[in-house]
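# A look at the structure
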Amino acid sequence: MVRNAKEFLKKLEELKSKFSESIGKINSIKELEELKVKFLGRKGELAKIMKALPGLAKEDKPMAGKAGNETKNWIEDLLAQKKEILEQTEMSKPSSFDHTLPGREIWSGSLHPITITIQEICSVFVSLGYEIVTGPEIETDFYNFEALNIPKDHPARDMQDTLYISDNILLRTHTSPLQIRTMLNTKPPVAAIAPGKVYRRDSDLTHSPMFHQIEGFLVDKDVNMGDLRGTLTYFVQHIFSKDTKVRFRPSFFPFTEPSAEVDISCVICNGTGFVGNEPCRVCKQTGFVEILGCGLIDPKVFESVGYDPEAYSGFAFGLGVERVAMLKYGINDLRLFFENDTRFLNQFLDFPV
Ligand code: PHE
C-alpha cells in the first residue's frame, strides 16, 4: 500500500528498474507489444501505482502526478527505441526476404489509337505551318450553324442530328465552329488545324454518338481548289502511303462553295475490292473510302467573321479521325475504340505515353 508521496516515488523508481530489466530480455516485436501492455496498459503496472494518487496529501499531488507522467514518457521512449532496433534486425534476417521471388510486373500505359492518329495528323499539318486550335464541345447555335451559313430552318440542319441542350445551346455536331472562333480573333492570313470531339444523335455499327473530327482551314490571298487538292494529297500520302490515291467527288456544304467529298483508295484491299477471295468489307468492293468533306470557304462565312471576301479566299476540310484510324490500323469495328478493352488497347504499346 502506498501511503505517502515518498512511497509513491519509490514505487515509480522500482517500476523503472523492473522495466529496464525486462526490456533487456525482449527479442521480438510481439514480446515488446506484450511488455507495453504489461507496464502501460489500462490495468498495467503504472496504472496500479497511479491509483494511489487521489489518496495522497493535496500539496503532494501535482508533484506526484508529474512524476507519474515522466515515468510514462520514459517507458514510451525506451519502447520506441527498442522497436526500431527490432524492426531493423527482423528485416535483415535472411529468412524474411526471398531473393528468388520474381519481380512485380511493371504495367505501362499506351496512347489510345485515336490519340495517336490525332497526333500524327496534326503533326503533318504543323510541319506545313498550321497552328493547332481547340474550342468548347458545348457550343451555341451561332458558332455551330448560323455563322456557317446554316440559318434556322435550313434543311442542312437535318444532315446533322443535333443533340440540343436548350434552344440555343447544343453539343457541337462538327469541328467547323472552330473556323468561326479562330477567324473572329485572327487577321488573315491564317492556317489552323482543330482536333476535337463532336456529337450526333446517331448510333449503330458504323456510327457513334461521339466521335472525333479534325478541322483544317487556310485563308490567304488567291487560295484555290488546286491548293486544297495539293494539300490533301500531301497529307494523305504522309499518313498512309505514297501510292494512296485521292479522289474528289462534288458535294454540298452550306459553308463551302464549291464543295467536295474526298475518298482515298482503300488501304485494306489496296483498291482492288477484294481481300484474298473475300469482298472487301471496308470499301464494300468499291476500292475507295470516304475520309473527309471539304471545299472553298463560302463568302457568307467570311462576312460573318468580318473578313473581306473580295480580298481573301480559303479552303476548309473536316476529317473523320475514327475512319482514318480504322484504315491505318486495319480495324473493322468502330466500337473497339470506345470499349477500352485492354486486349485491344495493349496492341498499341509501341506508342508509350
Ligand atoms: N463540317 C463538315 C461535316 O461535319 C465537314 C466539312 C468541314 C466540310 C469543312 C467542308 C469544310 O460533315
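Below or above, wherever it landed, is the structure these notes cover. (Residues numbered from 1 in each chain as written. Predicted model: local features only at pLDDT ≥ 70, side-chain atom pairs only at ≥ 80, totals over all residues. Heavy atoms only, no water.)

## Observations concerning the site of the ligand
This is how the line gets drawn: Residue proximity to a molecule or strand is established when one non-hydrogen atom of the residue lies within 4 Å of it. For the purposes of these results, a polar contact is taken to be a pair of N or O atoms within 3.5 Å, where, inside protein, one atom must be able to donate a hydrogen and its partner to accept one; residues adjacent in sequence count only when each atom of the pair is a side-chain atom. For the accessible areas, the method is Shrake-Rupley and the probe is 1.4 Å, while residue cover comes only from the protein chains on display. A 1.4 Å probe that fits into a set of points on a 1 Å grid over the protein atoms alone but cannot get out defines a cavity; an open set with protein on both sides within 12 Å along at least five of seven lines defines a pocket, and lining residues are those with an atom within 4 Å of a point. Put plainly, a molecule is in a cavity or pocket when over half of its atoms are within 2 Å of the grid points there. Helix and strand labels come from DSSP, where a helix needs a run of H or I of at least four residues and a strand needs a run of E of at least two; each type is numbered from the N terminus.
Close contacts around the ligand come from 15 residues, with His174, Ser176, Arg200, Gln213 and Gly318 the closest. Within the side chain of His174, a nitrogen or oxygen atom sits 2.9 Å from a nitrogen atom of the ligand. Residue Ser176 places a side-chain N or O atom 2.9 Å away from a nitrogen atom belonging to the ligand. Its free accessible area being 330 Å², the ligand has 92% of it covered by the protein chains. Among the cavities detected, the one that contains the ligand is the largest pocket. Every element with two or more residues in the shell around the ligand is listed here: β5 (210-220), β10 (288-297) and β11 (313-320). Sorting elements by how many residues they give to the shell around the ligand places β11 first, with three residues.

## Digging into the pairing of β11
The criterion, for reference: Partly exposed residues are those whose accessible area sits between 20% and 50% of the maximum for their type, while under 20% is buried and over 50% is exposed, using a 1.4 Å probe and protein chains only. At least two DSSP bridges between two strands are required for those strands to pair.
Most of β11 is tucked away: seven of the eight residues are buried. With eight bridges joining them, β5 and β11 adopt antiparallel strand pairing. Paired with Leu218 across the bridge in β11 is Phe315. By the bridge criterion, five bridges tie β10 to β11 in an arrangement that is antiparallel. The residue of β11 that forms the bridge with Cys294 is Phe317.

## Observations regarding the pairing of β10
Taken across its ten residues, β10 has eight buried, putting it largely inside the fold. Examined bridge by bridge, strand β7 (residues 256-265) and β10 share eight bridges and lie antiparallel to one another. Bridging from a neighbouring strand, Ser259 pairs with Gly295 of β10.

## Re the sheet that holds strand β1 (residues 131-132)
The test is simple: Here, residues are in contact when the closest pair of their heavy atoms is within 4.5 Å. Between N-to-C directions, angles span 0 to 180 degrees; the directions come from axes that are lines fitted to C-alpha atoms, helices contributing only their stretch in contact.
Across the sheet, seven strands lie side by side as β1-β4-β5-β11-β10-β7-β6; this open sheet has mixed pairing. Edge positions in the sheet fall to β1 and β6 (246-253), since each of these pairs with one other strand and no more. The strands touched by helix α7 (residues 177-184) within the sheet are β4 (190-199), β5, β10 and β11, with β5 carrying the most contacts at an inclination of about 40°.

## Re the packing of aromatic side chains
For any pair of aromatic rings, the description consists of the separation of the ring centres together with the inter-plane angle of the planes. Spelled out, the test is: Only Phe, Tyr and Trp rings take part, Trp by its six-membered ring, and two of them pair if their centres are within 6.5 Å. Stacked means planes under 30 degrees apart, edge-to-face means over 60, and tilted covers everything else. Note on criteria: charge over ring means Lys NZ or Arg CZ within 6 Å of the ring centre, with the direction from the centre no more than 35 degrees off the ring normal.
Scanning all chains against the criterion turns up twelve aromatic pairs. Centre to centre, the rings of Tyr307 and Tyr312 are 6.5 Å apart; their planes meet at 50°, and the pair counts as tilted. Assessed through its relative accessible area of 6%, Tyr307 is described here as buried. Seen from the ring of Tyr143, Arg181 lies directly overhead, with NZ or CZ sitting 3.9 Å from the centre. When the ring centre of Tyr329 is taken as origin, the NZ or CZ atom of Lys328, which lies over that ring, is 6.0 Å away.

## Some thoughts on helix α10 (residues 321-329)
Taken residue by residue, α10 has Val321, Glu322, Val324, Ala325, Met326 and Leu327 as its buried positions. Phi turns positive one or two residues past the end of α10, at Gly330, with a value near 65°.

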